[in-house]
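Structural overview for review
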Amino acid sequence: MYPTWYSTADFDADSTSFHGFATAISADSVVAIANAELQARANLESALAYKMEEVRAALEEQGNTTVSNSDFILTLRNAHNQVQEAASLSNGVSRSDEGKYRGYARVTITKSDFDQLMESAFSGKSGYWQIISSSAAYTDEMN
């Protein structure tokens, strides 16, 4: 029933990219794919936000007080919110399902594009980006 490239998990990663997956139902095949794509983008952003919060929390546990200030947290959240727009639809298909269409979508952002997006989002606050990107927690979570 599922396309071979589709994962029933909302999120997956491989050595080069992060992927968000979703499915949606509609009376129109194009709308089914579009709705699945929107949800896949949200799933990708949510999973990456969770990973970045894990990095921030690890740094806080290690005694870094910068990562707990509100400006840092807002900058981090604004940064990962950009993932939905930056990701691209890598696969999308619909299948007829009892008179309706089920759309499947996979959206992808490469790990290098994610790093560039995050660095760009921290522009003007390069010290914040340096704290995150040079940490072992970031390497462990994001690679």
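Our subject is the structure listed above.
A brief look at the structure comes next. No experiment lies behind these values; they were computed from the predicted model shown.

Criteria and cut-off values
Residues numbered from 1 in each chain as written. Predicted model: local features only at pLDDT ≥ 70, side-chain atom pairs only at ≥ 80, totals over all residues. Heavy atoms only, no water. Pairing = 2+ DSSP bridges. Helix = DSSP H or I, 4+ residues; strand = E, 2+ residues; numbered from the N terminus. Axes fitted to C-alpha atoms, helices over the stretch in contact; angles between N-to-C directions. Buried < 20%, exposed > 50% of the residue type's maximum accessible area, 1.4 Å probe, protein only. Contact = heavy atoms within 4.5 Å. Phe/Tyr/Trp six-rings, centres within 6.5 Å; stacked < 30°, edge-to-face > 60°.

Spatially, the 4 strands line up as an open sheet ordered S1-S2-S4-S3, and their pairing is antiparallel. The sheet terminates laterally at strand S1 (11–13) and strand S3 (88–97), the two strands that pair on one side only. When the angles between neighbouring strand axes are averaged without regard to direction, this sheet yields 20°. As judged from the 9 bridges shared by S3 and strand S4 (residues 100–110), these two strands associate in the antiparallel manner.

By the element assignment, Ala-40 lies in helix H1 (residues 29–61). For Ala-40, a relative accessible area of 0% corresponds to the buried category. Put simply, Ala-40 and Asp-10 are 30 residues apart on the chain and 7.2 Å apart in space, counted from C-alpha to C-alpha. Not counting residues within four places of it along the chain, the set of residues in contact with Ala-40 comprises Gly-20, Phe-21, Ala-22, Ala-105 and Val-107.

Per the counting criterion, the structure on display carries 11 aromatic pairs. Measuring from centroid to centroid gives 5.7 Å for Phe-18 and Phe-114, while their planes differ by 80°, and the two rings are edge-to-face. Of this pair, Phe-18 sits in strand S2 (residues 17–26) while Phe-114 is found in helix H4 (residues 111–121), placing the two residues 96 residues apart along the sequence. When its relative accessible area of 1% is taken as the criterion, Phe-18 is described as buried. Classification of Phe-114 by relative accessible area gives buried; the value is 0%. Measuring from ring centre to ring centre gives 5.6 Å for Trp-129 and Tyr-138, while their planes differ by 80°; the resulting arrangement is edge-to-face. Side by side, Trp-129 and Tyr-138 carry an identical accessibility label, which is buried. Pairwise contacts between aromatic rings join Tyr-2, Trp-5, Tyr-6, Phe-21 and Tyr-104 into one cluster.

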